[in-house]
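# Architecture at a glance
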Amino acid sequence: ELKVEQNPLFLSMQEGKNYTIYCNYSTTSDRLYWYRQDPGKSLESLFVLLSNGAVKQEGRLMASLDTKARLSTLHITAAVHDLSATYFCAVDLSVTSGTYKYIFGTGTRLKVLA
Amino acid sequence: DAGVIQSPRHEVTEMGQEVTLRCKPISGHDYLFWYRQTMMRGLELLIYFNNNVPIDDSGMPEDRFSAKMPNASFSTLKIQPSEPRDSAVYFCASSLDRGVYEQYFGPGTRLTVT
């Protein structure tokens, strides 16, 4: 059974601290996406990772992809309150299944405390 | 561009009634997706279209659900008859191409079936 697991599921951290969210998946894929969702809102695309070793950075967030380990990370540097949201990774099954589907992770609910 | 447009934004209906959700994808996007989000099951892909043709409907929960895309700028998701367990947020998303560009999500329709 295909699984996309994120950990932690909940993360409460102080402003100014660093932390990493992990996304593990159980199938072959070289494409992974990170999204942000604010409470009651839609999903906003953060990063598109299209190959092994891909690294993308935007502000205090940096995402990476290791397709051999089937692992993606979202690293938060010097967290600020505005980063409080739920973060999802999504694995693209196009390569292995021939069908253009994302499987979303469980989500990580991040709360940054002032 | 206005982004993906969904209507209605909120829908409250009684069990047994028909519900129709609407979506207008971003102009020029070839792919359209319908997702459902609940606390218990997270984000689930229901169905997706490519060039107005349904490609994968394996996520459609049962025969009560149906989706159509009569043209490149409009899609509907219909539930008939609706049940309380259908209560969820339904998102429509569109994408320019498979495996290269991310999916862009609409604001969602919050459905409550009483």
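Scroll up to find the structure.
What comes next is a walk through the structure. The structure presented is a predicted model; accordingly, all values stated were derived computationally and were not measured.

Parameters and conventions
- Residues numbered from 1 in each chain as written.
- Chains lettered and ligands numbered in written order.
- Predicted model: local features only at pLDDT ≥ 70, side-chain atom pairs only at ≥ 80, totals over all residues.
- Heavy atoms only, no water.
- Helix = DSSP H or I, 4+ residues; strand = E, 2+ residues; numbered from the N terminus.
- Rg over C-alpha atoms; globule rule 2.2 N^0.38 Å.
- Buried < 20%, exposed > 50% of the residue type's maximum accessible area, 1.4 Å probe, protein only.
- Contact = heavy atoms within 4.5 Å.
- Areas by Shrake-Rupley, 256 points an atom, 1.4 Å probe, with all protein chains shown as cover.
- Lys, Arg positive; Asp, Glu negative; His and termini not counted.
- Charge placed at Lys NZ, Arg CZ, Asp CG, Glu CD.
- Disulfide = S-S within 2.5 Å.
- Pairing = 2+ DSSP bridges.
- Axes fitted to C-alpha atoms, helices over the stretch in contact; angles between N-to-C directions.
- Salt bridge = Lys/Arg side-chain N within 4 Å of Asp/Glu carboxyl O.
- Phe/Tyr/Trp six-rings, centres within 6.5 Å; stacked < 30°, edge-to-face > 60°.

On a plain count of helices and strands, chain B comes out with zero helices and 11 strands. For 114 residues, the compact-globule estimate of 2.2 N^0.38 gives 13 Å, and the C-alpha radius of gyration of chain B, at 13 Å, lies within 12% of that figure. Its C-alpha atoms give chain B principal-axis dimensions of about 40 × 30 × 25 Å. When the 114 residues of chain B are sorted by exposure, 46% land in the buried category. Within chain B, contacts between residues separated by at least 24 positions form 53% of all contacts whose residues are at least 6 apart in sequence. Accessible surface for chain B amounts to roughly 5600 Å². Of this, 49% is attributable to carbon and sulfur atoms. Side-chain charges of chain B comprise 11 positive and 14 negative groups, with the mean position of each set lying 3 Å from the other.

So, about the overall build of chain A. Along the backbone of chain A there are one helix and 11 strands. Here chain A has a C-alpha radius of gyration of 14 Å; the compact-globule value for 114 residues is 13 Å, and the two agree. Principal-axis analysis of the C-alpha atoms gives chain A an extent of 45 × 30 × 20 Å. The buried share of chain A, reckoned over its 114 residues, is 47%. Counting contacts in chain A only where the partners sit at least 6 residues apart, residues at least 24 apart contribute 55% of the total. Entry remark: accessible area of chain A is about 5500 Å², with carbon and sulfur atoms responsible for 49%. Taking the average location of the 12 positive side-chain charges in chain A and that of its 10 negative ones, the two points are 2 Å from each other.

For the rest of this paragraph, the subject is the state of the cysteines. All names here are of chain A. Under the criterion given, the structure shown has two disulfides over all chains. Between the sulfur atoms of Cys-23 and its disulfide partner Cys-89 the distance amounts to 2.0 Å. Taking the sign of the S-S torsion, about 80 degrees here, the bridge from Cys-23 to Cys-89 comes out right-handed. Taken together, the residues span a long stretch of sequence, with Cys-23 in strand β3 (residues 19-25) and Cys-89 in strand β9 (residues 85-92) at a distance of 66 residues.

Quick look at the sheet that holds strand β7 (residues 65-71) of chain B now. Residue and element names in this part refer to chain B. Read from one edge to the other, the open sheet built from four strands follows the order β1-β3-β8-β7, with strand pairing classed as antiparallel. Two strands close off the open sheet at either side, each with one partner strand: β1 (5-7) and β7. Direction aside, neighbouring strands of the sheet carry axes that sit 15 degrees apart on average.

What follows covers the pattern of salt bridges. All names here are of chain B. In the structure shown here, the tally under the stated rule is 11 salt bridges over all chains. One salt bridge connects Arg-64 with Glu-62, and the closest N-O pair in it is separated by 2.8 Å. According to the relative accessible area criterion, Arg-64 is buried, its value standing at 10%. Here Glu-62 falls in the partly exposed class, since its relative accessible area comes to 27%. One salt-bridge network, held together by shared partners, links Glu-62, Arg-64, Glu-83, Arg-85 and Asp-86.

It is worth spelling out the pairing of β3 of chain A at this point. Residues and elements named next belong to chain A. The pairing of strand β1 (residues 4-7) with β3 spans four bridges and is classified as antiparallel. Across the sheet, residue Glu-5 finds its bridge partner in β3, namely Asn-24. The sheet contact formed by β3 and strand β8 (residues 71-76) spans six bridges and is antiparallel. Note that in β8 the partner of Ile-21 across the bridge is Leu-74.

With that settled, the discussion passes to the packing of aromatic side chains. One pass over the structure, following the stated rule, counts 14 aromatic pairs over all chains. Note on Tyr-31 of chain B and Tyr-48 of chain B: the rings are 6.3 Å apart at their centroids and 35 degrees apart in plane angle, and the pair reads as tilted. Taken as a pair, Tyr-31 of chain B in strand β4 (residues 31-38) and Tyr-48 of chain B in strand β5 (residues 42-50) lie far apart in primary sequence, 17 residues in all. Of the two residues, Tyr-31 of chain B and Tyr-48 of chain B, both sit in the buried class. Taking 5.2 Å as the distance between ring centres and 35 degrees as the angle between the ring planes, the aromatic pair formed by Tyr-35 of chain B and Phe-105 of chain B counts as tilted. Of the two residues, Tyr-35 of chain B sits in strand β4 while Phe-105 of chain B sits in strand β10 (residues 104-105), which places them 70 residues apart along the sequence. The two residues Tyr-35 of chain B and Phe-105 of chain B agree in class, both being buried. In this structure an aromatic cluster arises from ring pairing among Tyr-33, Tyr-35, Phe-88, Tyr-102 and Phe-104 of chain A together with Tyr-31, Phe-33, Tyr-35, Tyr-48, Phe-91 and Phe-105 of chain B.

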